[in-house]
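The residues making up each chain are set out below.
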Amino acid sequence: MKTIETDRLILRGWRLEDADDFFEYARHPEVGPNGGWPPHGSREESLKVIQYFIDDDDIWAIVLKETGKVIGSVGLHKDSKRVGISVRELGFVVSADYWGQGIATEAAKRAVKYAFEDMELALVSTYHKSFNDRARRVVEKCGFTREGMLRQGSKRYDGLVFDAVCYSILRAEYEG
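The structure presented is a predicted model; accordingly, all values stated were derived computationally and were not measured.

> Talk me through helix 1 (residues 19–26); I want residue IDs and the actual numbers.
Counting buried positions along helix 1 yields six of eight residues, so the element is predominantly enclosed. Along helix 1, the residues classified as buried are Ala19, Asp21, Phe22, Phe23, Tyr25 and Ala26. Close packing links the buried residues of helix 1 with helix 2 (31–35), helix 3 (43–56), strand 4 (70–77) and strand 5 (87–94).

Okay, structure coming up:
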């Protein structure tokens, strides 16, 4: 994915040398579980995930311009619930050290702009676990419309099953 910028952020491809920054936030006990994945137990685990990000090429590293530090990720993934149409699923995560600063919203808005203006998608979807109010606030600030709740629609790494709250934004709504 091409490198793009916002006022405070650079969204760029992942690099293996990002492992220390990634591990720093991915090991936090609340960060991963909110997104459905376990806290990272080692730098090596973070390196393996970065290699997956590099291979898949649908996730940007969120880099704070001021420091050059990787503080999260934002991606436009294939939406397994909507197959065969021009859609991608927005996903994002930000280090707990930066929660409440508008970082996720800034990155997500820029990713949505890229989805519609560069990828020319018809729709962007996103989902979050029913307990994740931070994610809910981000997607609402980005102009997504709540579609509903997919009951027991998300299984976490530890086997717990949660309701998934579903949102989307259409090209016409974005352009509106």
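> Could you give me a rundown of the pairing of strand 7 (residues 145–155), with the residues and numbers involved?
Here strand 7 runs beside strand 8 (residues 161–170); their pairing, made up of seven bridges, is antiparallel. Along strand 8, the bridge assignment pairs Met149 with Val165. Counting the residues that bridge the hairpin from strand 7 to strand 8 gives five residues, and of these Gly159 lies at a positive phi of roughly 90°.

> Any chance you could break down the sheet that holds strand 2 (residues 9–12) for me, citing the residues and the numbers?
Pairing is mixed across the open sheet formed by eight strands, whose spatial order is 1-2-3-4-5-6-8-7. Bordering the open sheet on either side are strand 1 (4–5) and strand 7, each of which pairs with just one other strand. As defined by bridge partners, strand 1 adjoins strand 2 across two bridges and the pair is classed as antiparallel. Residue Ile4 lies in a different strand from strand 2, and its bridge partner there is Leu11. In the packing of helix 4 (residues 103–117) onto the sheet, the strands contacted are strand 1, strand 2, strand 3 (59–64), strand 4, strand 5, strand 6 (123–129) and strand 8, and the crossing angle to strand 4 comes to about 30°. Its contacts with the sheet put helix 5 (residues 133–141) on strand 5, strand 6 and strand 8, and the angle it makes with strand 6 is roughly 160°.

> Break down the pattern of salt bridges for me, with residues and values.
Within the structure shown, the criterion is met by 13 salt bridges. A salt bridge links Arg156 to Asp158, with the shortest nitrogen-to-oxygen separation between them at 2.7 Å. Look at the salt bridges and you will find they share partners, linking Asp21, Glu24 and Lys69 into a network.

> Run through the nonpolar core, naming residues and quoting values.
By size, the foremost hydrophobic cluster in this structure holds 30 residues, and its most contacted members are Ile62, Leu90, Val124 and Phe144. The greatest single-element share of this core, amounting to nine residues, is contributed by helix 4. Excluding anything up to four places from it in sequence, Leu90 contacts Val74, Gly75, Leu76, Ala108, Ala111, Val112, Val124, Ser125, Thr126 and Phe144.

> Tell me what's going on with the packing of aromatic side chains, and back it up with residues and numbers.
Here the structure, examined in full by the defined rule, presents eight aromatic pairs. Plain terms: the ring middles of Trp14 and Phe53 are 5.3 Å apart, the flat faces sit at 50° to each other, and that makes the pair tilted. Separated by 39 residues along the polypeptide, Trp14 in the loop between strand 2 and helix 1 and Phe53 in helix 3 bring together distant segments of the chain. Across the pair, Phe53 and Trp14 agree in class, each one buried. Three or more aromatic residues joined by ring pairs make a cluster, and in this case those are Trp14, Phe22, Tyr25, Tyr52 and Phe53.

> Quick rundown of the environment of Tyr157? Include the residues and the values.
As for its placement among the helices and strands, Tyr157 is situated in the loop between strand 7 and strand 8. In this structure, the C-alpha to C-alpha distance between Tyr157 and Pro39, residues 118 residues apart in sequence, is 10.0 Å. Those residues within four positions of Tyr157 in sequence are excluded, and the remaining contacts are Pro33, Gly36, Trp37, Pro38 and Pro39.

> Can you break down the state of the cysteines residue by residue, with the values?
The full count for this structure, using the stated rule, is zero disulfides. In this model Cys142 remains outside any disulfide bridge; the closest cysteine sulfur is found in Cys166, 17 Å from its own.

> Before we move on, can you summarise the side chain of Thr126 with the specific residues and values?
Of note, Thr126 is situated in strand 6. Among the residues examined, Thr126 registers a relative accessible area of 2% and is labelled buried. Those residues within four positions of Thr126 in sequence are excluded, and the remaining contacts are Glu89, Leu90, Phe92, Val139, Phe144, Val165, Cys166 and Tyr167.

> Break down the pairing of strand 4 for me, with residues and values.
Extensive coverage of strand 4 is indicated by the burial of seven of its eight residues. From the end of strand 3 to the start of strand 4, which pair antiparallel, there are five residues, and Gly68 there has a positive phi angle of about 80°. In this structure, strand 4 lies alongside strand 5, joined through six bridges in antiparallel fashion. When the sheet's bridge partners are listed, Ser73 is paired in strand 5 with Val93.

Cut-offs and rules
Residues numbered from 1 in each chain as written. Predicted model: local features only at pLDDT ≥ 70, side-chain atom pairs only at ≥ 80, totals over all residues. Heavy atoms only, no water. Buried < 20%, exposed > 50% of the residue type's maximum accessible area, 1.4 Å probe, protein only. Helix = DSSP H or I, 4+ residues; strand = E, 2+ residues; numbered from the N terminus. Contact = heavy atoms within 4.5 Å. Pairing = 2+ DSSP bridges. Axes fitted to C-alpha atoms, helices over the stretch in contact; angles between N-to-C directions. Salt bridge = Lys/Arg side-chain N within 4 Å of Asp/Glu carboxyl O. Core = buried A, V, L, I, M, F, W, Y, C linked by side-chain atoms within 4.5 Å. Phe/Tyr/Trp six-rings, centres within 6.5 Å; stacked < 30°, edge-to-face > 60°. Disulfide = S-S within 2.5 Å.

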